[in-house]
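Listed below, chain by chain, are the residues.
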There are 4 protein chains.
Amino acid sequence: MDKRISFSSDYTKGARPRILERMTETNFEQIDGYGTDEYCKSAADKIKKACGTPDADVFFLVGGTQTNQTIIDMLIQPYEGIVAASTGHIAAHEAGAIEHAGHKVITLPCHGEEKDTEKYGSDIGKIAAADLKKLLEDFYGDANHEHMVFPGAVYISHPTEYGTLYTKKELENISQICKEYKIPLFLDGARLGYGLMSKRTDVSLKDIASLVDVFYIGGTKVGALFGEAVVFTKGVTTKHPIPVIKQHGALLAKGWLLGLQFDTLFTDDLYFELGRNAIETAELLKDGLKKKGYEIFLDSPTNQQFVIVSNEKLKELDKNVRYGFWEKYDDNHTVIRFATDWATQKADVERLLELL
Amino acid sequence: MDKRISFSSDYTKGARPRILERMTETNFEQIDGYGTDEYCKSAADKIKKACGTPDADVFFLVGGTQTNQTIIDMLIQPYEGIVAASTGHIAAHEAGAIEHAGHKVITLPCHGEEKDTEKYGSDIGKIAAADLKKLLEDFYGDANHEHMVFPGAVYISHPTEYGTLYTKKELENISQICKEYKIPLFLDGARLGYGLMSKRTDVSLKDIASLVDVFYIGGTKVGALFGEAVVFTKGVTTKHPIPVIKQHGALLAKGWLLGLQFDTLFTDDLYFELGRNAIETAELLKDGLKKKGYEIFLDSPTNQQFVIVSNEKLKELDKNVRYGFWEKYDDNHTVIRFATDWATQKADVERLLELL
Amino acid sequence: MDKRISFSSDYTKGARPRILERMTETNFEQIDGYGTDEYCKSAADKIKKACGTPDADVFFLVGGTQTNQTIIDMLIQPYEGIVAASTGHIAAHEAGAIEHAGHKVITLPCHGEEKDTEKYGSDIGKIAAADLKKLLEDFYGDANHEHMVFPGAVYISHPTEYGTLYTKKELENISQICKEYKIPLFLDGARLGYGLMSKRTDVSLKDIASLVDVFYIGGTKVGALFGEAVVFTKGVTTKHPIPVIKQHGALLAKGWLLGLQFDTLFTDDLYFELGRNAIETAELLKDGLKKKGYEIFLDSPTNQQFVIVSNEKLKELDKNVRYGFWEKYDDNHTVIRFATDWATQKADVERLLELL
Amino acid sequence: MDKRISFSSDYTKGARPRILERMTETNFEQIDGYGTDEYCKSAADKIKKACGTPDADVFFLVGGTQTNQTIIDMLIQPYEGIVAASTGHIAAHEAGAIEHAGHKVITLPCHGEEKDTEKYGSDIGKIAAADLKKLLEDFYGDANHEHMVFPGAVYISHPTEYGTLYTKKELENISQICKEYKIPLFLDGARLGYGLMSKRTDVSLKDIASLVDVFYIGGTKVGALFGEAVVFTKGVTTKHPIPVIKQHGALLAKGWLLGLQFDTLFTDDLYFELGRNAIETAELLKDGLKKKGYEIFLDSPTNQQFVIVSNEKLKELDKNVRYGFWEKYDDNHTVIRFATDWATQKADVERLLELL
């Protein structure tokens with residue numbers, strides 16, 4: 001077993017212990033399969049209440065790529081593509097799962113509109129409403145573009161792959177454009193808990209639920225063993241969602257395992273508490289890094305922190321710390337990522353700072 | 001919570017407690033993702049040893065349909081189809097997941113060759129080597145069939161969807177034909193543990209591993225929370241299996257959860273012990289049913305037992321027992337399924353027999 | 001060049017000469033591409049008039065498999081399958097093009113309901129309304145079949161692959177059931193002209209247009225160089241059909257070549273005249289075969305005639321005649337197919353009969 | 001009929017008259033279907049000879065998008081993508097046909113390496129060997145990119161969508177890199193004839209055939225009614241190409257129509273003669289445009305000429321000339337395209353110049 005302190009990613013630990021306890025408690029209950037059970041129902045009810053969307057449909061899937069692929073197949077026609085930032089997870093890091101399902105990912109530049117980075121953090125990884133508007137205007141304008149791929153829906157991630165966040169105003173603008181062009185807006189919330197609890201966000205869960213057509217609340221990276229809770233905020237439009245999910249190999253036999261986990265996460269605001277822990281330890285880390293004179297690569301308001309480190313220092317660090325390699329900065333420096341999570345201890349951060 | 005005694009299926013309970021214990025023990029270990037961890041390696045090693053196939057490649061996926069879809073996409077060319085019994089799970093009960101991936105399921109009659117049901121149980125649900133041979137001879141014979149779907153691989157399930165089992169001789173014959181036509185043989189072992197421990201089988205795990213090109217050892221139905229261990233017995237032929245798995249949404253982020261489970265199941269022969277429990281309770285049940293004069297619908301040598309019950313009796317049973325509806329028998333009778341599993345208690349069977 | 005007399009199929013000749021003449025006349029006209037031209041418009045208008053469906057949408061595609069694949073993708077959802085006779089072209093002879101597009105072909109027995117073969121010919125190759133009703137009742141009945149493939153549309157061919165024809169009553173019954181279950185009915189008319197002009201049919205073009213949701217009028221086999229005219233009788237429901245067609249590689253750049261051909265075929269009832277020629281020569285051939293004592297394999301009322309011939313005779317025939325091999329009948333006999341077409345001369349038939 | 005002079009595209013006319021004559025001559029010959037005939041064989045032989053590739057496999061398909069989709073499906077694995085310029089036809093103008101078949105189009109910047117535009121024309125629309133090398137080095141370098149799409153083949157068009165051409169050196173460099181990384185190189189030659197006959201190219205048909213793994217010789221835009229001749233220069237690697245073609249709806253029943261056309265085009269160097277006509281008329285046009293003071297948008301060495309025209313002038317032109325709208329240049333100017341072709345008359349160009 002690797003004994004180094006680990007900040008390599010936010011999915012290297014199991015689950016909030018209460019989740020394993022409840023799995024153990026219910027282990028022999030004999031529960032119906034495929035998400036038709038009471039735990040899934042209870043979890044869905046709690047989520048709908050937290051979102052303020054009583055008419056929503058909630059499904060529980062296992063992982064992120066699977067969820068993105070299945071939702072997008074539900075949202076758009078086979079001849080339509082999905083608009084995303086060029087750095088979006090579906091564009092860059094899902095091994096072509098969206099194209100495998102037949103859809104082009106139509107990319108936009110990866111910069112948002114809000115440039116007050118002091119207040120909101122970096123805008124890398126986001127799309128700008130203006131860019132989206134231009135794309136849709138050009139496509140659906142006067143000329144006939146029937147030989148091109150129709151932009152059928154819009155994908156955003158929040159936090160983005162760079163840990164950055166949309167402002168409420170940005171989300172409202174994007175949502176407004178989607179409404180205008182009657183195309184659905186889908187928000188990938190694989191790390192949603194960390195976005196919601198950022199100290200530099202004005203976006204709440206209810207805001208998201210009211211501004212997008214579908215989003216998911218990430219469990220895998222925020223305290224669950226696995227699982228993503230998909231919320232179709234106004235109800236699902238696919239006539240038969242279950243066979244679509246099944247056809248994508250995404251229907252878990254023991255679906256209650258997902259229900260149980262989200263029921264736990266949405267009891268007594270646990271999901272938010274877990275999010276807060278990652279934020280507080282990340283802030284502690286960032287302050288420490290700054291004090292020590294490290295150069296921050298991009299100003300992330302959530303649990304992922306990107307730092308520029310000399311290769312020399314890195315070699316030393318390797319002995320005691322696990323981190324994420326992000327990219328080469330120059331011949332002598334590297335950008336690395338430290339990720340805190342729902343279970344990071346302040347003591348871990350302090351030890352890391354000492355090692356730095 | 002439903003308080004009725006349940007024999008409705010073999011995936012209504014959680015997992016062998018040792019599995020939850022180990023998940024709890026390792027919960028904060030900080031383990032690498034995507035199946036690159038030591039638990040997956042250890043589980044794969046134990047499985048390769050149990051199979052007698054040191055050159056095998058082992059992958060851990062989450063559920064059955066996902067596994068069938070992903071393996072078949074690895075095995076055959078886009079223009080090829082897969083041969084299966086008309087009752088095969090991929091042909092009938094996966095919402096078209098195989099066709100969604102572009103492949104035709106080419107069906108054969110669902111009866112095996114061994115008719116000594118006294119000795120081996122019913123042959124329903126199997127394919128016969130002779131039928132397979134005829135299909136391949138006709139297709140690859142003199143005439144050109146380039147406008148038809150090429151039979152690119154053969155799928156069998158063991159136990160079948162009816163709980164029935166191939167004999168060693170049958171498997172050898174099918175394997176021989178596949179070799180002759182150079183098409184791979186794939187065995188779906190979603191309930192493999194129950195097949196291996198049947199009192200009426202001459203087929204061992206090593207037999208299977210030596211006769212097929214790829215198979216999977218079902219965990220979801222045999223003591224795991226979820227998970228299927230895929231064994232490419234001679235090594236995987238796909239150059240890059242990970243992106244294929246990822247593209248199918250089948251790459252679990254916390255892959256060690258699968259490794260941990262199979263490592264547990266293949267320690268101290270636990271997998272076989274769990275299989276044996278289901279068989280012993282199923283045999284107890286069958287004997288009891290026979291003694292009580294119930295008519296057995298088909299003679300299953302594994303954990304699923306199919307009985308013909310009068311509709312009147314059924315109405316009474318509904319109050320205290322959960323079972324699986326199989327099909328209408330006649331206007332007054334119904335075929336139902338009782339499934340025992342890795343955790344079924346003898347006391348449960350006795351209580352069920354009393355209720356019957 | 002093979003100098004033997006040919007009855008091997010109905011797509012071995014070019015086109016009605018008037019078609020080549022018009023292509024030559026218009027060769028330098030400079031016409032807009034992709035079917036947006038006046039010839040396509042004119043052809044569509046004539047077809048809508050002949051069908052009695054002023055609200056229809058008409059598209060011109062190049063070949064049969066392409067047309068079946070594209071229409072089916074337009075008609076049904078990705079998770080739905082299409083119902084067809086087990087002998088249907090899409091089920092058996094299109095190299096898996098439908099499954100390649102993600103859809104299961106759900107097969108029914110290949111026998112119709114009308115058994116008065118004296119009056120209507122054989123019923124092989126058709127589906128029976130009763131079988132269709134049972135399938136849909138079973139599927140959409142009480143039980144939940146979300147793990148199975150939804151029957152999303154029905155495919156029939158007329159004439160069938162065996163040259164047989166539905167009666168008007170049969171078509172009405174099938175149409176009625178489709179309406180009841182709200183699933184579209186699609187008729188493959190690759191050989192429609194030969195069906196419409198059969199001496200033993202009570203089905204007209206207008207009947208078909210009023211009973212099905214979409215069908216196509218085959219050109220490739222009935223006097224055109226290539227081309228199939230797709231008629232969505234009540235208008236197309238796909239919001240953007242052109243990108244769907246383009247995405248299937250089915251949008252011909254010089255679309256006017258299709259328009260020109262169908263404009264010619266639907267001027268002065270040429271399409272029907274061409275159909276009649278094949279029927280008259282086929283009847284002449286059948287009468288001659290019967291007189292000579294040949295055993296007719298199945299009683300086809302259209303241009304394909306199936307005969308049982310001794311292998312000895314066949315060897316002799318091979319020298320002077322080209323025919324289609326259909327299937328082995330017994331060790332000493334073979335079923336062969338003679339196909340007449342829009343250009344078959346009575347003299348050819350007479351010569352063939354002499355050779356027999 | 002639109003009486004305006006037309007330079008709107010190179011697929012608005014039928015075919016070189018000799019082609020229609022031969023179709024008429026052979027109209028009743030009774031020829032075998034699906035490309036198995038003597039005309040296809042003869043055409044393939046002539047093409048292989050012209051290419052200097054005796055071991056090549058040649059297939060004839062109907063249109064460009066269909067050809068790109070089918071070839072790419074043959075070339076790469078389902079989990080692989082294809083590299084192309086961001087302006088490549090497959091990336092931008094095929095309605096997502098490549099993604100529909102499951103593959104990501106991985107885009108590179110659209111500028112080549114040779115910047116001597118005086119000598120070779122503009123480099124827009126091409127990819128640069130250096131960009132390709134960087135992409136492949138990054139991907140196949142040290143780090144593991146199994147969560148990204150594997151670059152499985154490279155697509156280039158020659159002429160490009162902007163009428164520009166690779167130099168021999170550029171092709172050699174790209175070819176060399178592909179060989180180094182063992183990924184096939186595919187050249188889209190929809191307008192190949194116009195590229196080969198450019199006055200500013202040093203690339204011959206044999207050069208192409210020796211440098212790429214597969215390419216196609218465009219017929220639709222260069223003198224044929226329709227048709228693209230696909231040349232796998234070292235033989236096709238797909239074990240069963242015909243079912244793949246069929247499955248894509250791309251197997252023309254009367255395949256000899258394609259064979260006849262390419263046999264004609266490759267008799268007495270007709271294909272090159274047709275290419276030359278377009279080049280000569282395009283040069284005449286460009287010279288005239290320059291003399292009249294028009295600003296050339298990009299310097300194309302082939303049959304497509306791009307000019308910047310004031311919107312005022314355009315309004316006037318609309319009455320007498322058909323041209324292609326390319327893009328808005330500024331508020332008062334527009335970029336338009338004039339395309340000459342195999343049949344453009346010098347008199348047409350002179351009349352156009354007068355109107356300008």
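Just so it is clear, the structure is predicted and the values come from calculations on it, not from any experiment.

Asks: Describe the overall build of chain A, and please don't skip the residues or the numbers.
Replies: Within chain A one finds 15 helices and 13 strands. In terms of overall dimensions, chain A is globule-like: its C-alpha atoms have a radius of gyration of 20 Å, near the 21 Å expected for 356 residues. Residue burial in chain A is summarised as follows: out of 356 residues, 60% are buried. In chain A, the share of contacts with a sequence separation of at least 24, taken over all contacts with a separation of at least 6, comes to 74%.

Asks: So what about the relation of the copies chain B and chain D? Which residues, and what values?
Replies: The two copies are related by a screw operation: chain B maps onto chain D through 180 degrees of rotation and 0.0 Å of translation along the axis, at an RMSD of 0.0 Å. On the angle and the small slide along the axis, the relation comes out as a two-fold axis. Closest to the rotation axis within chain B is the C-alpha of Pro78(B), separated from it by 4.0 Å. When you check the interface residues of chain B against chain D, 100% turn up at the interface there too, and the contact is symmetric in its surfaces.

Asks: I'd like to hear about the sheet that holds strand E7 (residues 214–218) of chain A, residue by residue, with values.
Replies: Residue and element names in this part refer to chain A. Read from one edge of the open sheet, seven strands run E2-E8-E7-E6-E5-E3-E4, paired in mixed fashion. Each edge of the open sheet is held by one strand with a lone partner, namely strand E2 (57–61) and strand E4 (105–108). For this sheet, the mean inter-axis angle between neighbouring strands, taken without regard to orientation, is 25 degrees. Across five bridges, the pairing between E7 and strand E8 (residues 228–232) is antiparallel. Across the sheet, residue Val-214 finds its bridge partner in E8, namely Phe-232.

Asks: Describe the interface of chain B and chain D, and please don't skip the residues or the numbers.
Replies: At the interface, 12 residues of chain B touch 12 residues of chain D. Of all the elements, helix H11 (residues 241–247) of chain B adds the most residues to the side of chain B that touches chain D, at five residues. Among the residues forming the side of chain B that touches chain D, the class breakdown is six nonpolar, three polar and three charged.

Asks: Break down the domain arrangement of chain A for me, with residues and values.
Replies: All names here are of chain A. Domains assigned within chain A are domain 1 (5–12 + 271–355) and domain 2 (17–269). Just the C-alpha atoms count here: the centres of domain 1 and domain 2 sit 26 Å apart. The interface is formed by 19 residues belonging to domain 1 together with 27 residues belonging to domain 2.

Asks: Give a description of helix H8 (residues 168–181) of chain C that names residues and reports values.
Replies: Residues and elements named next belong to chain C. Under the 1.5 Å per step criterion, the end-to-end length of H8 is 20 Å for 14 residues, consistent within 8% with the ideal 20 Å. Along H8, the positions that sit buried rather than exposed are Glu-170, Leu-171, Asn-173, Ile-174, Ser-175 and Cys-178. On its buried face, H8 sits against helix H7 (129–140), strand E5 (150–157), strand E6 (185–189) and helix H10 (205–211). Just past H8, the residue Lys-182 takes up positive phi, approximately 55 degrees.

Asks: Describe in detail the pairing of strand E10 (residues 304–310) of chain D, supporting the description with residues and values.
Replies: Residue and element names in this part refer to chain D. Counting buried positions along E10 yields five of seven residues, so the element is predominantly enclosed. The pairing of strand E9 (residues 295–298) with E10 spans three bridges and is classified as antiparallel. Looking at the pairing, Leu-298 lines up with Phe-306 of E10. In textbook terms, the turn of a hairpin is the stretch between consecutive antiparallel strands, and for E9 and E10 this stretch comprises five residues. As judged from the seven bridges shared by E10 and strand E13 (residues 333–339), these two strands associate in the antiparallel manner. Counterpart to Gln-304 in the pairing with E13 is Ala-339.

Asks: Please set out unusual backbone geometry residue by residue, giving values where relevant.
Replies: Glycine aside, residues mostly have negative phi, and peptide bonds are mostly found in the trans state. Of note, the amide linkage connecting His158(C) to Pro159(C) takes the cis form, showing an omega dihedral of -5 degrees. Even without a glycine there, the phi angle at Tyr34(B) is positive, about 60 degrees. With respect to the helices and strands, the residue Tyr34(B) is situated in the loop between helix H1 (17–25) and helix H2 (38–51). C-beta crowding within 10 Å serves as the criterion here: with 18 such atoms nearby, Tyr34(B) is assigned to the partly exposed category.

Asks: Give a detailed account of the interface of chain D and chain C, specifying residues and quantitative values.
Replies: In this assembly, 44 residues from chain D lie in contact with 44 residues from chain C. Taken together, the elements giving at least two residues each to the side of chain D that touches chain C come down to helix H1 (17–25), helix H3 (64–75), helix H5 (97–100) and helix H11 (241–247) of chain D. Counting residues per element, the side of chain D that touches chain C draws most heavily on H1(D), at four residues. Grouping the amino acids of the side of chain D that touches chain C by side-chain chemistry returns 19 nonpolar, 19 polar and six charged.

Asks: Describe the packing of H2(B) against helix H12 (residues 256–265) of chain B, and please don't skip the residues or the numbers.
Replies: All names here are of chain B. The geometry of H2 relative to H12 is characterised by a closest axis approach of 7 Å and an angle of 40 degrees between their N-to-C directions. Of the two possible hands of crossing, H2 and H12 adopt the one that is left-handed. Between H2 and H12, the contacting residues are Tyr-39, Cys-40, Ser-42, Ala-43, Lys-46 and Ile-47 on the first element and Trp-256, Leu-258, Gly-259, Leu-260, Phe-262 and Asp-263 on the second. By residue class, the composition of the contact of H2 with H12 is eight nonpolar, two polar and two charged.

Asks: Can you break down the nonpolar core residue by residue, with the values?
Replies: Of all hydrophobic cores here, the largest spans 462 residues; its most connected members are Val231(A), Val231(B), Val231(C) and Val231(D). In contact with Val231(B), other than residues within four places in its own chain, are Ile47(B), Cys51(B), Thr53(B), Ala56(B), Val58(B), Ala209(B), Val214(B), Phe215(B), Tyr216(B) and Ile217(B).

Asks: Describe the relation of the copies chain D and chain C, and please don't skip the residues or the numbers.
Replies: When chain D is brought onto chain C, the operation consists of a screw motion whose angular component is 180 degrees and whose axial shift is 0.0 Å, with 0.0 Å RMSD remaining. The residues that chain D uses at the interface reappear at the interface of chain C in 100% of cases, marking a shared surface.

Asks: Requested: an account of the packing of helix H1 (residues 17–25) of chain A against H1(B), with residues and values cited.
Replies: For the pair H1(A) and H1(B), the least separation of the axes is 10 Å and the interaxial angle reads 170 degrees. Looking at the two axes, H1(A) sits roughly antiparallel to H1(B). Of the residues in H1(B), those touching H1(A) at Leu20(A), Met23(A) and Thr24(A) are Leu20(B), Met23(B) and Thr24(B).

Asks: Describe the confidence of the model for chain A, and please don't skip the residues or the numbers.
Replies: Low pLDDT marks stretches whose predicted atomic positions should not be read closely. When the pLDDT values of chain A are averaged, the result is 96; 100% of them are 70 or greater. Interface confidence for the predicted complex, expressed as ipTM, amounts to 0.97; the pTM equals 0.97.

Asks: So what about the sheet that holds strand E2 (residues 57–61) of chain B? Which residues, and what values?
Replies: Residue and element names in this part refer to chain B. The seven strands are arranged E2-E8-E7-E6-E5-E3-E4 in an open sheet whose pairing can be described as mixed. Only two strands of the sheet have a single neighbouring strand rather than two, namely E2 and strand E4 (105–108). Strand-to-strand, the axes of this sheet are offset by a mean angle of 25 degrees, without reference to chain direction. Relative to strand E7 (residues 214–218), strand E6 (residues 185–189) runs parallel, the two sharing four bridges. Of the residues in E7, the one forming a bridge with Leu-187 is Phe-215.

Asks: So, the environment of Ser300(C): which residues are in play, and what are the values?
Replies: All names here are of chain C. Tracing the chain through its elements places Ser-300 in the loop between strand E9 (295–298) and strand E10 (304–310). Given 26 C-beta atoms within 10 Å, Ser-300 falls into the buried group. Ser-300 sits 138 residues away from Tyr-162 along the chain, and the two C-alpha atoms are 7.1 Å apart. Dropping the residues within four chain positions of it, Ser-300 is found in contact with Gly-121, Ser-122, Tyr-162, Gly-163, Thr-164, Gln-305 and Phe-306.

About the thresholds
- Residues numbered from 1 in each chain as written.
- Chains lettered and ligands numbered in written order.
- Predicted model: local features only at pLDDT ≥ 70, side-chain atom pairs only at ≥ 80, totals over all residues.
- Helix = DSSP H or I, 4+ residues; strand = E, 2+ residues; numbered from the N terminus.
- Rg over C-alpha atoms; globule rule 2.2 N^0.38 Å.
- Buried ≥ 20, exposed ≤ 12 C-beta atoms within 10 Å, placed from the backbone.
- Contact = placed C-beta atoms within 7 Å.
- Least-squares fit on C-alpha atoms with pLDDT ≥ 70 in both.
- Pairing = 2+ DSSP bridges.
- Axes fitted to C-alpha atoms, helices over the stretch in contact; angles between N-to-C directions.
- Nonpolar A, V, L, I, M, F, W, Y, C, P; charged D, E, K, R; others polar.
- Domains from an automatic or database assignment.
- Expected span 1.5 Å × (residues − 1).
- Left-handed = near helix turned anticlockwise from the far one by under 90°.
- Core = buried A, V, L, I, M, F, W, Y, C linked by C-beta atoms within 7 Å.
- Parallel < 35°, antiparallel > 145°, perpendicular 65-115°, else oblique.
- pLDDT = per-residue confidence, 0-100.

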